[in-house]
Amino acid sequence: MSHTPDNSSAEAGDAGSLEASRRIKLQKIIDLGHDPWGSRFDDRSYVRDIRARTGEIQYLTTDGRTLALPPDFTAETFDRKKWKADQGPGELTGPKVRAAGRVVLQRDTGKLRFVNIRDWTGNIQLFIGKNQVGEENWTLAGLVDLGDLIGVDGELRYTNTGELTIFAEKLHFHAKSIESPPDKYHGLADAEIRQRMRYVDLAYSEGTLERFLNRTKIVQSIRSTLGGQGFVEIEGPTLHTIAGGAAARPFVTHHNALDMQLYLRIALELHLKRLMVGGMERVYELGRVYRNEGISPRHNPEFTMLEVYQAYGDYGSMMDLTEQLICDAIKAVDGNYQRPWGEQTVDFTPPFQRETYDDLFAKHVGVDPQDAAAVKQVAEEIGFDTKHKHAAVIKSEVFEEKVEDALTGPIFVLDYPASICPLTKRNAKNPEVAERFELFIQGMEVANAYTELNDPDLQEQLFKTQLDGQAEEDSMAKMDHDFIRALRHAMPPAGGLGVGIDRLVMLLTNSPSIRDIILFPLLRPEG
RNA sequence: GAGAUCGUAGCUCAGUCGGUAGAGCAACGGACUUUUAAUCCGUGGGUCCUGGGUUCGAGUCCCAGCGAUCUCACCA
């Protein structure tokens, strides 16, 4: 009973028969002598490029004159009928083009069909007339459903209403969509389906494909900017024996042959610094890191991080680089420095604001940041537990609570309390201050940079200090003897930078959730 | 991990006081050679997330579970 699909049930309209009616058409396409799964299709143009050829469309009069169209020919107010009458009898001619794409709209007016196809550069209308394409193509056109992939050969012209259109001469069938597409106007609205079936979201939802292509442009721009400044990209290990370089809980895994516990990396830092010891003076990695933490609109367990290290630089050089990376990325997207973010607008015009941690603290908290007792009092007023906590930790918690959300930015926050920065070089004049900045935009930490600590003895001591009284996985400082050994071979003084690529992409594409800019975010398995 | 909200046709969504399931799009049949979210006429389509409970009667109320969204916590 339940073997092959029963075509006769297609007259009903239930879910099964939506598929059945498509399968019937699939069979009819085969019967017509076409392969419903298509084949190589050479020399087709992208819709964007076809749309760029409107200048080749002309008016050919019956007495042989070829006339250029007036520039406002497609304007809504332009009387095309009258213009043609004024030129004398004739017709539009245009270039022969070949396009391919997904059918996203269809209008059947009897012996005439309008079909909109979309490729990854744009959308264009096809005109398919029964008398114009011939019997076989017309029959094939009748077997096309929304969501199918088709190709067309035809002439690029305007319709009577001024719509740029490919007037089909031959149709090609490339692939049948057995599944029905979502609502042709609203697309997919259900956030769960959009993420679980990203292919459907990309294919049919307004702006999704463009958003992810913009992500790619941003990443390409970053590589290009760094390459242009002589940085080399490397690939470090993602399986670590010590999950160092950041404070986060790692994913734990196991290697069978060596019978050892391994961690998925939570940061890129320590291996890149080893490479600087080895003489890679400008080096970066742009890759995935994994943190076994909560999921939220701003957190995904795997996310993309950029870390850059520049020998003989410092955090000042990293500030300039950060600004350039972001400005170049904006140029790669659309070049607009005034960028929407929800209801607000963020101004990315360089140079970005720069303020010290202590100045911002004083401004937003209203307390002298050097006055540990006053800071502690504020923390207690907020309701923080201050017992057994280092003054800098308390200060940091108050900063995160009172200051960070207020930083609409872009703003560089400079000079952090040294004791919360175990991998950072201290300021020569004031060892209480670490040469570190973070870039905040709309309350989000987008970048984090240091003048890198390269004193192996101090590094070893700071690792040990941080370990005291703190669970190892909660600390940025995890003793890594090989890393210390590397520093003992001399790492050049350097600037180092980390950028949260996902958050940068969120900001530059006005996407409120990290899941809008990660193609396949982690979801619970389907029920 | 905690709380709030949500889950109804393939998709987008209504569903009143608890009274036996609705629309648009999509599909199917018909008309139409310049439409464009085409239009017009007609037809079919439901495990109301799952499982219990209350009730004469549950899409609706209660409990549990599953999944999602948001907020909080952790974190970037």
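Residues numbered from 1 in each chain as written. Chains lettered and ligands numbered in written order. Predicted model: local features only at pLDDT ≥ 70, side-chain atom pairs only at ≥ 80, totals over all residues. Heavy atoms only, no water.

Caption draft 1: View of the protein's contact with RNA strand B. Of all residues adjacent to RNA strand B, which total 53 residues, the nearest are N131, T161, K184, H299 and R503. For RNA strand B, the backbone portion of the atoms within 4 Å of the protein, that is sugar and phosphate, comes to 59%. The separation between a sugar or linking oxygen of RNA strand B and a polar side-chain atom of S21 is 3.3 Å. N160 is positioned with one of its backbone polar atoms (N or O) 2.8 Å from a base oxygen of RNA strand B. When contributions to the surface near RNA strand B are tallied by element, the ones reaching two or more residues are α1 (15–31), β4 (96–108), β5 (112–119), β6 (122–129), α4 (130–133) and α6 (191–196). Taken together, the residues of the surface near RNA strand B sort by class into 18 nonpolar, 17 polar and 18 charged. (Near = heavy atom within 4 Å. Polar contact = N/O pair within 3.5 Å; in protein donor to acceptor, adjacent residues only side chain to side chain. Helix = DSSP H or I, 4+ residues; strand = E, 2+ residues; numbered from the N terminus. Nonpolar A, V, L, I, M, F, W, Y, C, P; charged D, E, K, R; others polar.)

Caption draft 2: Up close: the environment of R274. Considering the arrangement of structural elements, one finds R274 in helix α9 (residues 269–277). A C-alpha to C-alpha distance of 6.9 Å links R274 and F483, two positions 209 residues apart in sequence.

Caption draft 3: Quick peek at a nonpolar patch on the surface. On the surface, I193, M197 and Y199 cluster together to form a nonpolar patch covering roughly 270 Å² of accessible area. Tracing the backbone shows M197 in the loop between α6 and α7 (198–204). (Patch = residues over 30% accessible without salt bridge, like charges linked within 9 Å, V, L, I, M, F, W, Y side chains within 5 Å. Areas by Shrake-Rupley, 256 points an atom, 1.4 Å probe, with all protein chains shown as cover. Salt bridge = Lys/Arg side-chain N within 4 Å of Asp/Glu carboxyl O.)

Caption draft 4: Highlighting the packing of helix α12 (residues 372–382) against helix α13 (residues 391–402). At their nearest, the axes of α12 and α13 sit 9 Å apart, and the two run at 50° to each other. The pairing of α12 with α13 is recorded here as oblique in orientation. Regarding α12 and α13, the two cross each other, and that crossing is left-handed. Mapping the contact onto sequence places A372, V375, K376, V378, A379 and I382 in α12 and A391, I394, K395, V398, E401 and K402 in α13. Its residues assigned to classes, the contact of α12 with α13 comprises eight nonpolar, no polar and four charged. (Axes fitted to C-alpha atoms, helices over the stretch in contact; angles between N-to-C directions. Parallel < 35°, antiparallel > 145°, perpendicular 65-115°, else oblique. Left-handed = near helix turned anticlockwise from the far one by under 90°. Contact = heavy atoms within 4.5 Å.)

Caption draft 5: View of the environment of I266. Of note, I266 is situated in the loop between β12 (260–264) and α9. Given a relative accessible area of 0%, I266 falls into the buried group. Taking the C-alpha atoms as reference, I266 lies 72 Å from D86; in sequence the two are 180 residues apart. Contact partners of I266, with chain neighbours within four places excluded, come to A243, G244, A246, A248, R249, P250, V289, Y290, R291, M305 and K478. (Buried < 20%, exposed > 50% of the residue type's maximum accessible area, 1.4 Å probe, protein only.)

Caption draft 6: Summary view of the packing of aromatic side chains. Following the criterion strictly, the structure yields 14 aromatic pairs and no others. Aromatic pair F348 and F352: ring centres 6.4 Å apart, planes at 70°, arrangement edge-to-face. The same class applies to F348 as to F352, namely buried. Each residue in the set Y59, F73, F78, W83 and Y158 is aromatic and connected to the rest through ring pairs, giving one cluster. (Phe/Tyr/Trp six-rings, centres within 6.5 Å; stacked < 30°, edge-to-face > 60°.)

Caption draft 7: Quick peek at the side chain of N214. Assignment of secondary structure puts N214 in helix α8 (residues 208–228). When residues no more than four places from it in sequence are discounted, the contact partners of N214 are V333 and T509.

Caption draft 8: Representation of the domain arrangement of chain A in the model. Here chain A is partitioned into domain 1 (9–204), domain 2 (215–352 + 444–516) and domain 3 (354–404). With centres defined by C-alpha atoms, the gap from domain 2 to domain 3 works out at 26 Å. (Domains from an automatic or database assignment.)

Caption draft 9: Seen up close, the packing of helix α11 (residues 357–365) against α13. At a closest axis distance of 10 Å, the pairing of α11 and α13 adopts a crossing angle of 60°. By the angle between their directions, the pair α11 and α13 is classed as oblique. Handedness of the α11/α13 crossing: left-handed. Across from Y357, D358, L360, F361, H364 and V365 in α11, the residues of α13 making contact are K395, S396, V398, F399 and K402. Class assignment of the residues belonging to the contact of α11 with α13 gives a composition of six nonpolar, two polar and three charged.

Caption draft 10: View of the nonpolar core. In terms of nonpolar packing, the biggest core is built from 43 residues, with I222, L226, L306, F437 and L497 touching the most fellow members. With 10 residues, helix α10 (residues 315–333) is the largest single contributor of residues to this core. Beyond its immediate stretch of four places on either side in the chain, L226 contacts F231, Y284, L306, V308, L321 and L325. (Core = buried A, V, L, I, M, F, W, Y, C linked by side-chain atoms within 4.5 Å.)

Caption draft 11: Layout of the pairing of strand β20 (residues 444–451). For β20, a buried count of seven out of eight residues is recorded, marking the element as mostly surrounded by other parts of the structure. Sheet analysis places strand β19 (residues 433–441) next to β20, joined by six bridges and oriented antiparallel. In the sheet register, F440 faces β20, and the bridge partner there is E445. Counting the residues that bridge the hairpin from β19 to β20 gives two residues, and of these Q442 lies at a positive phi of roughly 50°. Bridge analysis of β20 against strand β21 (residues 494–500) gives five bridges, and the strand direction is antiparallel. By the bridge assignment for β21, T451 is matched with G495. (Pairing = 2+ DSSP bridges.)

Caption draft 12: Just the sheet that holds β6, in detail. The strand order around the closed barrel formed by five strands is β4-β5-β6-β8-β7, and the pairing between neighbours is mixed. Within the sheet, the average angular offset between the axes of one strand and its neighbour, ignoring direction, is 55°. Pairing of strand β7 (residues 149–158) with strand β8 (residues 164–175), which is carried by 10 bridges, proceeds in the antiparallel orientation. Note that in β8 the partner of E155 across the bridge is F167.

Caption draft 13: A look at the pattern of salt bridges. Tallied over the full model, the rule gives 34 salt bridges. In this structure, K25 and D145 form a salt bridge, with 2.4 Å as the shortest nitrogen-oxygen distance. Pair noted here: K25 is in helix α1 and D145 is in the loop between α5 (135–141) and β7, with a separation of 120 residues, a long-range link. Neither K25 nor D145 differs from the other in exposure class; each is buried. One salt bridge connects D63 with R65, and the closest N-O pair in it is separated by 3.2 Å. Several salt bridges share partner residues, and in doing so they unite R22, K25, D145, D148 and K176 into one network.

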